[in-house]
Amino acid sequence: MLERGKNERGVIEMVDTESLVPPGHLLRQVDAAVDFEKLYKIVEPLYSEEEGRRSIDPVVLFKIVLLQHLDGNTSLRGTLRRAQTDVAYRWFLRYTLSEELPHFSTVSYNFRHRFTSETIEAVFRWILEEAGSAGALTPAAVFIDGTHIKASANLNKKIKQEVPAAAKRYQEELLAEVNADREAHGKKPLDAEDEPPKAGGKKQDNTSKKKQARRKKAAKKQKTVTVSTTDPECGMFHKGEHKRCFAYEAHTACDKNGYVLEAVVTPGNVHDSVAFDDVYDKLIQSFPEVETVVADAAYKTPHICKKVFRDGRVLSAAYKRPMTMKGGHPWWSYVYDEYYDCVICPEYHILSYRTTNRDGYREYRSDPEICAQCPSRHLCTRSKNCVKTVQRHIWKDYEELADDARYTPEYKDLYAKRKETIERVFADAKEKHAMRYTHYRGLAQVSNWVRLKFAAMNLKKLARWKTRKRFAPPSSTAYSYILSLINFVACLVMKPDRPFFDRLNPRSILLRGFFCRFVPSDP
């Protein structure tokens, strides 16, 4: 029987928003997960108590931005357009069906000019504290990696620019250990590069002419980079098969459960190992209980290995292929003798110590008279003076500790979890929360945008975790304990002649209804 649709658009009904939102809706879970009243304490110093007109509720402003990141909406205008018709949005914001919502420009202005980076950091930390107090965080093992975010910059609008070359953060520490190593070998210490040469002489430097020329260029402390005229603070990103683009990079640390514990945003042309110090220092300051740092091969540098292991922690990193001569002897055929401090080549000749250069590498060189008559010289060196040089960093022992951890089952299993933790965080952020590219410009604005996005992801994960925990069977632990006890007694009764531990098989019990049938295990 044909029935036509009803035309009842102008009907007046007595309803409330509470009954229109389903009980299992995500926003209900988010609203019950944390107390949003705590946001007032965070933003209270940013408002005047006496002057000015009444402001829009700051909790509403933060909730609007959280809604944008939770649903992966790239536009703040689109979020507010949806809030006009979405009952769940209005319920979450505590607005009635007819109440006027804030204008998108008001929300944008507050996050650009009122809420500072410290405010965003406080909100990010507050959600982490809520997760920690609920027992959801497991910071004993952290996973660190970086992902690029396409910047709002045209690739064709660029210029070449000379910028100051950034010095290594650990340069003073490295130079001190280099000089100590040189003095132990009877060599003169090196002067700092920024110090003037001593009277009656020049800087002590025992390196090749090629490296000296490279160092003279670096001494100018200038390098040529590609700079965007649209967003000068982003950087040119090019890695592997990725297309060249202007981008930012979010260097992120998360725990086993996928909660983002720390995030530092840099231009896209900053290497992962360079940004590691900032991420690691902030992470350890907030979570000193970290025991293991899991990272990929990009972080396996002498400085990072030394920094982590000297702190009493373990670095679990991937295998890093040594950069040796193509088609030559494999790297492991040159054996370092720690007792005699020398290197033995594949033809069982000795490469003796010569110097320790400014980069922290000990140089071991062969005897040119022996190498000139060596049958495998073409596999060893192509130098005109028939000298083979092998370098070994003064912090190489820490790299070997990382290699040892790679073969340990515990840390090997941890590294295998990268695809389930940090890689999953990046995948969800880009596919579900619109972090593939950003509309913001400037490092400060992009940093705030990334931290708010990770805060929303942490809040969503915490809300779902609390919901699952709330509706989990309350007697599951007691039930498993009773099952184990019944199994223990049954095994003793059934097979008194078998070894004790052989009889403890949890699969030997089959409970059906109120009856128990004991199935003996295979011998």
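Residues numbered from 1 in each chain as written. Predicted model: local features only at pLDDT ≥ 70, side-chain atom pairs only at ≥ 80, totals over all residues. Heavy atoms only, no water.

**Q** Give a detailed account of the overall build of the chain, specifying residues and quantitative values.
**A** What the chain contains, in helices and strands, is 18 helices and 15 strands. For the chain, buried positions account for 42% of its 523 residues. Taking all contacts inside the chain whose residues are at least 6 apart in sequence as the whole, residues at least 24 apart take part in 66%. For the chain, the exposed area adds up to about 31,900 Å²; of that, 53% sits on carbon and sulfur atoms. (Helix = DSSP H or I, 4+ residues; strand = E, 2+ residues; numbered from the N terminus. Buried < 20%, exposed > 50% of the residue type's maximum accessible area, 1.4 Å probe, protein only. Contact = heavy atoms within 4.5 Å. Areas by Shrake-Rupley, 256 points an atom, 1.4 Å probe, with all protein chains shown as cover.)

**Q** So what's going on with unusual backbone geometry? Which residues, and what values?
**A** For R94, which is not glycine, the phi dihedral falls at a positive 65°. Looking at the secondary structure, you find R94 in the loop between α6 (87–93) and α7 (104–114). Looking at R94, the relative accessible area reads 62%, which means it is exposed. The phi dihedral of C386 falls on the positive side, at around 55°, and the residue is not glycine. Structurally, C386 is set in the loop between α13 (368–372) and β13 (389–393).

**Q** Provide a residue-level description of the packing of aromatic side chains, including the pertinent values.
**A** In the structure shown here, the tally under the stated rule is twelve aromatic pairs. Aromatic side chains Y440 and W449 sit 6.4 Å apart centroid to centroid with 45° between the ring planes, which places their arrangement in the tilted category. Taking the relative accessible area as the measure of exposure, W449 reaches 8% and is therefore buried. Linked through ring pairs, F36, F92 and W126 together constitute an aromatic cluster. One Lys or Arg, R28, reaches over the ring of W91 and ends 4.8 Å from the middle of that ring. Here the guanidinium or amino end of R392 rests over the ring plane of Y336, the centre of that ring lying 4.1 Å away. (Phe/Tyr/Trp six-rings, centres within 6.5 Å; stacked < 30°, edge-to-face > 60°. Lys NZ or Arg CZ within 6 Å of the ring centre and 35° of its normal.)

**Q** Which residues make up the nonpolar core, and what are the values?
**A** Counting residues in each nonpolar core, the largest one holds 106 residues, and the members touching the most others are F36, F111, V293 and F454. A per-element tally of this core places helix α17 (residues 443–470) first, with eleven residues. One finds Y334, V343, Y353 and Y364 within the second-largest nonpolar core, a separate group that totals eight residues. (Core = buried A, V, L, I, M, F, W, Y, C linked by side-chain atoms within 4.5 Å.)

**Q** Run through the pairing of strand β12 (residues 361–365), naming residues and quoting values.
**A** Pairing between strand β11 (residues 350–356) and β12: four bridges, direction antiparallel. By the bridge assignment, Y353 is partnered in β12 with Y364. Count of turn residues in the β11/β12 antiparallel hairpin: four residues, of which G360 carries a positive phi of about 95°. Across five bridges, β12 lies against β13 in antiparallel orientation. (Pairing = 2+ DSSP bridges.)

**Q** Pulling in residues and values, what's your account of the sheet that holds β11?
**A** The antiparallel open sheet is built from five strands, whose spatial order is β9-β10-β11-β12-β13. The sheet is open, and its two edges are formed by β9 (335–337) and β13, each paired on a single side. If you compare each strand with its neighbour and ignore which way they point, the axes differ by 35° on average. As paired strands, strand β10 (residues 342–344) and β11 are joined by two bridges and run antiparallel to one another. Paired with V343 across the strands is L351, a residue of β11. (Axes fitted to C-alpha atoms, helices over the stretch in contact; angles between N-to-C directions.)

**Q** Now, about the side chain of R392: what can you tell me, with residues and values included?
**A** Its location among the elements puts R392 in strand β13. Within the local environment of R392, its side chain forms a polar contact with the side chain of D397, the two groups lying 3.0 Å apart. Of the polar contacts made by the side chain of R392, one reaches the side chain of E400; its length is 3.5 Å. Ignoring sequence-local partners within four residues, the contact set of R392 consists of Y336, G360, Y361, R362, Y364, D397 and E400. (Polar contact = N/O pair within 3.5 Å; in protein donor to acceptor, adjacent residues only side chain to side chain.)

**Q** So what about the packing of helix α5 (residues 76–85) against α7? Which residues, and what values?
**A** Contact geometry for α5 and α7: axes closest at 9 Å, N-to-C directions at 135°. The orientation of α5 with respect to α7, classified from their angle, is oblique. In this structure, the crossing between α5 and α7 has a hand that is right-handed. Side by side, α5 and α7 meet where L76, R77 and L80 of the first sit next to F104, V107 and S108 of the second. When grouped by side-chain class, the residues that make up the contact of α5 with α7 number four nonpolar, one polar and one charged. (Parallel < 35°, antiparallel > 145°, perpendicular 65-115°, else oblique. Left-handed = near helix turned anticlockwise from the far one by under 90°. Nonpolar A, V, L, I, M, F, W, Y, C, P; charged D, E, K, R; others polar.)

**Q** Describe the packing of helix α4 (residues 58–70) against α7, with residues and values.
**A** Following both chains from N to C, one finds α4 and α7 inclined at 100°, their axes separated by 10 Å at the closest point. Between α4 and α7, the angle is such that the two are roughly perpendicular. Residue-level contacts link L61, F62, I64 and V65 of α4 to V107, N110 and F111 of α7. Across the contact of α4 with α7, the residue classes break down as six nonpolar, one polar and no charged.

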